[in-house]
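Chain by chain, the residues:
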Amino acid sequence: MQETLNRAKQIRLIIFDVDGVLTDSRLYLGDDGQEYKAFNSKDGLGMKLLQKSGVEIGIITGRTSNVVTIRMESLGIRHVYQGQRHKVPAFEELRDKLDLRNEQIAFVGDDVVDLPVMRQVGLAITVQDAHPLVRAHAHWQSRAGGGRGAAREICELLMEAQGTLGQAYEKYLR
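Quantities reported herein were computed from a predicted structural model and do not represent experimental measurements.

Draft legend 1. Structural context of the overall build of the protein. Counting its secondary structure elements, the protein contains 8 helices and 8 strands. On C-alpha atoms alone, the protein measures out to a radius of gyration of 15 Å, which is about the 16 Å that the 2.2 N^0.38 rule sets for 174 residues. Dimensions of the protein along its principal axes, counting C-alpha atoms only, are 45 × 40 × 30 Å. Across the 174 residues in the protein, those meeting the buried criterion constitute 52%. Sequence separation of 24 or more characterises 55% of the internal contacts of the protein that already satisfy a separation of 6 or more. Charged side chains in the protein number 23 positive and 23 negative. The centres of these two groups are separated by 5 Å.

Draft legend 2. Structural context of the pairing of strand β6 (residues 105–109). For β6, the tally of buried residues reaches 5 of 5 residues, placing the bulk of the element in the interior. As defined by bridge partners, strand β1 (residues 13–16) adjoins β6 across 4 bridges and the pair is classed as parallel. Looking at the pairing, Leu-13 lines up with Ile-105 of β6. Judged from the 4 bridges that link them, β6 and strand β7 (residues 123–126) form a sheet pairing that is parallel. Across the sheet, the residue bridging to Ala-106 is Leu-123, located in β7.

Draft legend 3. Quick look at a nonpolar patch on the surface. A grouping of Val-112, Val-113 and Leu-133 is seen on the molecular surface, where their side chains present a nonpolar patch of about 230 Å² in accessible area. For Leu-133, a relative accessible area of 40% gives the class partly exposed.

Draft legend 4. Expanded view of the side chain of Asp-114. Looking at the secondary structure, you find Asp-114 in the loop between β6 and α5 (115–118). A distance of 2.9 Å separates a polar atom in the side chain of Asp-114 from the backbone nitrogen of Asp-110. Once residues lying within four places of it in the same chain are set aside, the contact partners of Asp-114 are Asp-17, Lys-87, Phe-107 and Gly-109.

Draft legend 5. Expanded view of unusual backbone geometry. For Ser-25, which is not glycine, the phi dihedral falls at a positive 85°. For Ser-25, the location among the structural elements is in the loop between β1 and β2 (28–29). A residue is classified by how much of its surface remains accessible, and Ser-25, at 41% relative accessible area, is partly exposed. Although it is not a glycine, Asp-99 adopts a positive phi angle of roughly 55°. For Asp-99, the location among the structural elements is in the loop between α4 (88–97) and β6. What makes Asp-99 exposed here is its relative accessible area of 68%.

Draft legend 6. How the structure looks around the packing of helix α2 (residues 41–52) against helix α7 (residues 150–161). For the pair α2 and α7, interaxial distance at closest approach is 7 Å and the crossing angle is 25°. By the angle class used here, α2 and α7 are roughly parallel. As for the relative orientation of α2 and α7, their crossing is left-handed in sense. When α2 is examined against α7, the residues Lys-42, Asp-43, Leu-45, Gly-46, Met-47, Leu-49 and Leu-50 are found in contact with a partner set consisting of Ala-150, Ala-151, Arg-152, Cys-155, Leu-158 and Met-159. Split into classes, the residues belonging to the contact of α2 with α7 amount to 9 nonpolar, 1 polar and 3 charged.

Basis of the calculations
Residues numbered from 1 in each chain as written. Predicted model: local features only at pLDDT ≥ 70, side-chain atom pairs only at ≥ 80, totals over all residues. Heavy atoms only, no water. Helix = DSSP H or I, 4+ residues; strand = E, 2+ residues; numbered from the N terminus. Rg over C-alpha atoms; globule rule 2.2 N^0.38 Å. Buried < 20%, exposed > 50% of the residue type's maximum accessible area, 1.4 Å probe, protein only. Contact = heavy atoms within 4.5 Å. Lys, Arg positive; Asp, Glu negative; His and termini not counted. Charge placed at Lys NZ, Arg CZ, Asp CG, Glu CD. Pairing = 2+ DSSP bridges. Patch = residues over 30% accessible without salt bridge, like charges linked within 9 Å, V, L, I, M, F, W, Y side chains within 5 Å. Areas by Shrake-Rupley, 256 points an atom, 1.4 Å probe, with all protein chains shown as cover. Salt bridge = Lys/Arg side-chain N within 4 Å of Asp/Glu carboxyl O. Polar contact = N/O pair within 3.5 Å; in protein donor to acceptor, adjacent residues only side chain to side chain. Axes fitted to C-alpha atoms, helices over the stretch in contact; angles between N-to-C directions. Parallel < 35°, antiparallel > 145°, perpendicular 65-115°, else oblique. Left-handed = near helix turned anticlockwise from the far one by under 90°. Nonpolar A, V, L, I, M, F, W, Y, C, P; charged D, E, K, R; others polar.

In structure tokens:
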């Protein structure tokens, strides 16, 4: 665990996949072709707190969905890359745009399409219900499943490692 915390101290950007990480992997499709996703509100608060602590958040997802755009806007997440069947180019673009080194970036994925990025970052994270091959290549795994509080757990891990978790919750304890 100490190695994970040491890696987490260096993180200035965390990138999340969407389906299977911020959602439970299920896709809801209406008769009109509209796509629906369920996001965890506790994950959202964790992501807002992490941003306030100074860590940037990015999204790189293989699918394109208006609901993802709406949700990320509501969380103040500016770095959103949708429709990325191959995620490495978006990762490299965001890394270069923010002038970061790979060691300063964490990536959260759940399936094999996430491995090319996970293998390059300083902290590769996965969720409890990820594909076994992804779990084998992750530096750390959440106790919660995708869309079920995993992102909150991950945000708290980073804030704990960086010494900002207590401050993030202090105003709620007054």
